[in-house]
Amino acid sequence: MTQPHVAGSDPAPDPAAGPGSGPAPSGPVLVLGLVAAPGAPAQLAEGLSADLAAALGSRHPEITWQVQTVEDGLVQPPADDAELVAATRERLLSADWDLALCLTDVPLEVDRRPVTGHASPLHGVGVLSLPALGAVGRRKRALETAVGLVQALVSDGGDDPEDPGDRADLSRRLRQLATDPADSDDGVRFTARVLSGNLRLLSGMVRANRPWRLAVRLSRALTAAIAAGVFALITPDIWQLADAFGWLRLLLVGVGSVVAIAVTLIVGAEMWERPRSRRVRKQVVLFNIATAATVAIGVLSLYLALFVLALLGALFLVVEPLFSEGLGHPASFSDYLELAWLTCSLATVGGALGAGLEEDDTVREAAYTYRPEGASS
């Protein structure tokens, strides 16, 4: 790793300003870090920072853009996009940036197809790969890709730049990202202030992360959940427990199972950040809330899917005469609902055990969605 070199770029100048008059920042200031690997990426970044600040300022004039350039290798090749995102995230926190782009000479691929970059809205980090830019018009393509990556970092994936409503939502999220709340010694009050003042930003980060796809990406957790559900569904003792528990106890068991797998995923994969200094508290709070929401929604999606499967399995596999005999009274549809509820809760606990067996990198890749930018043929 080389010794980092830092260079800053001022916001785009105002054409109406007189000679020698510097731009006066108006409104919130959003700081974008540009981390370039030594060699060709660093040479490209030298001329890219000013153009990037001007292009972003032209597209989103409601905030003041500042681009700070850093030369740093970050990781030793070979490295994948997840390693680059994690290393750039560390640099973002240490420098107290709002967003960060990594310029690297490491090739990036999606389904074995080269892409020019990846964006992780939850981390606030984009990675731009120089090999996919080609040899001709590299600087122009790099600028266009960098602007697209920044757009992806602050968008929820469904924003249409031509739609006035979407542009207004995007402007609000940018202002929220660029505005730091007043600091407070009370961590709970500070967190509440960040949460209440950044709801649109947080909702966009979570939606962009596609949390409902979390469980599908965790094969061991999903396999363990299905196996536990099948075992519970055909066990007469579980039938009697579901009948005796009542709705309140079933609710408590369900909540406990969801919390168990969510905590296992977050703590086991070390996805919870700790602030290293007071100046990065907002960044860390936003990340932790968005991570917790992503995992919670993903686990709830798994829970609902397991409930539907358990109910269908109970109706088709647990025949009424056998079910009534096991309960000791005539079985009704509510008894099947109770059985499905307890079954999916136990299946979710099984999923938590399976999640504990997942590799940390696998869990993080499942929880964090990277958007490809500029797939090439």
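Quick note: structure is the one above.
Computed from a prediction, not measured in an experiment: that's the story for all the values here.

So, how was this worked out
Residues numbered from 1 in each chain as written. Predicted model: local features only at pLDDT ≥ 70, side-chain atom pairs only at ≥ 80, totals over all residues. Heavy atoms only, no water. Helix = DSSP H or I, 4+ residues; strand = E, 2+ residues; numbered from the N terminus. Contact = heavy atoms within 4.5 Å. Areas by Shrake-Rupley, 256 points an atom, 1.4 Å probe, with all protein chains shown as cover. Axes fitted to C-alpha atoms, helices over the stretch in contact; angles between N-to-C directions. Parallel < 35°, antiparallel > 145°, perpendicular 65-115°, else oblique. Left-handed = near helix turned anticlockwise from the far one by under 90°. Nonpolar A, V, L, I, M, F, W, Y, C, P; charged D, E, K, R; others polar. Salt bridge = Lys/Arg side-chain N within 4 Å of Asp/Glu carboxyl O. Buried < 20%, exposed > 50% of the residue type's maximum accessible area, 1.4 Å probe, protein only. 1 Å grid on protein atoms, 1.4 Å probe; cavity = no way out; pocket = protein on both sides within 12 Å on 5 of 7 lines; lining within 4 Å. Points joined across faces, edges and corners; volume = space filled by probe spheres on them. Core = buried A, V, L, I, M, F, W, Y, C linked by side-chain atoms within 4.5 Å. Arc of directions from axis to C-beta.

Novice: Before we go on, may I ask you to explain the overall build of the protein chain in this structure?
Specialist: The number of helices and strands found in the protein chain is 13 helices and 8 strands. Across the protein chain, contacts joining residues at least 24 apart in sequence account for 77% of those joining residues at least 6 apart. With the model as given, the accessible surface of the protein chain reaches about 17,900 Å², and the carbon-plus-sulfur share is 60%.

Novice: Looking at this structure, I do not really get the packing of helix H6 (residues 199-208) against helix H10 (residues 281-317). What am I missing?
Specialist: Relative orientation and spacing of two packed helices are given, respectively, by the angle between their axes and the distance between those axes. Remark: H6 packs on H10, axes separated minimally by 9 Å, with the N-to-C direction vectors making an angle of 50°. The angle between H6 and H10 places the two elements in the oblique class. Relative to H10, the crossing made by H6 is right-handed. Contacts from Leu-201, Leu-202, Met-205 and Val-206 of H6 reach H10 at Leu-286, Ile-289, Ala-290, Ala-293, Thr-294 and Ile-297. Among the residues forming the contact of H6 with H10, the class breakdown is 9 nonpolar, 1 polar and no charged.

Novice: Where do I start with the pattern of salt bridges in this structure?
Specialist: Once the charged atoms of two side chains with opposite charge are near each other, the side chains can pair. If you walk through the whole model with that rule in mind, you get 3 salt bridges. Arg-89 is paired through a salt bridge with Glu-273; the nearest N and O atoms lie 2.9 Å apart. A residue pair is termed long-range when its members are at least 10 positions apart, and Arg-89 in helix H2 (residues 81-95) and Glu-273 in the loop between helix H9 (236-268) and H10 qualify at 184 residues. Like Arg-89, the residue Glu-273 is buried in the burial classification.

Novice: Can you walk me through empty space enclosed by the protein in this structure?
Specialist: Take a probe with the size of a water molecule and roll it over the atoms, and the empty space left behind shows itself. Scanning the model with the defined rule gives 3 cavities of 30 Å³ or more in all. One number sums up the size of the largest cavity: a volume of about 100 Å³. The wall of the largest cavity is formed by 15 residues, among which Pro-121, Gly-124, Leu-177, Met-205 and Gln-283 lie closest to the centre. For the lining of the largest cavity, the element with the highest residue contribution is H10, accounting for 3 residues. Partitioned by chemical class, the residues of the lining of the largest cavity number 10 nonpolar, 3 polar and 2 charged. If you list the elements that add at least two residues to the lining of the second largest cavity, you get helix H7 (214-217), H9 and H10. Counting residues per element, the lining of the second largest cavity draws most heavily on H10, at 3 residues. Among the residues making up the lining of the second largest cavity, the classes are represented as 8 nonpolar, 1 polar and no charged.

Novice: Please clarify how the nonpolar core should be interpreted in this entry.
Specialist: Within soluble globular proteins, side chains that are nonpolar tend to cluster in buried spots. Leu-101, Leu-103 and Leu-265 are the most contacted members of the largest nonpolar core, which totals 108 residues. For this core, the element with the most residues is H10, which contributes 13 residues. Contacts of Leu-101, omitting those with residues within four sequence positions, involve Leu-32, Gly-33, Leu-34, Val-35, Leu-52, Gly-126, Ala-146, Leu-149, Val-150 and Leu-153.

Novice: What's the story with the side chain of Thr-88 in this structure? I'm lost.
Specialist: Looking at the secondary structure, you find Thr-88 in helix H2. Overall, Thr-88 belongs to the buried group, its relative accessible area being 0%.

Novice: How do you make sense of helix H11 (residues 320-327) when you look at a structure like this?
Specialist: Spacing of three or four residues puts side chains on the same side of an α-helix, whose turn is 3.6 residues. Residues of H11 that are buried include every one of Phe-323, Ser-324, Gly-326 and Leu-327, and no others. For H11, the angular spread of buried residues about the axis comes to 165°, placing them on one side. In H11, the exposed positions angled more than 90 degrees off the buried face are occupied by Pro-321 and Glu-325. One or two positions beyond H11, positive phi appears at Gly-328, with a value near 85°.

Novice: When you look at unusual backbone geometry in this model, what are you seeing that I'm missing?
Specialist: As a rule of thumb, non-glycine residues mostly have phi less than zero, and peptide bonds are mostly trans rather than cis. Residues other than glycine seldom take positive phi values, yet Asp-96 does so here, at roughly 60°. In this fold, Asp-96 is placed in the loop between H2 and strand S4 (99-104). Of note in the backbone geometry, Glu-270 takes a positive phi value of approximately 55° without being a glycine. Relative to the helices and strands, Glu-270 is located in the loop between H9 and H10. The exposure class of Glu-270 is exposed, given its relative accessible area of 62%.

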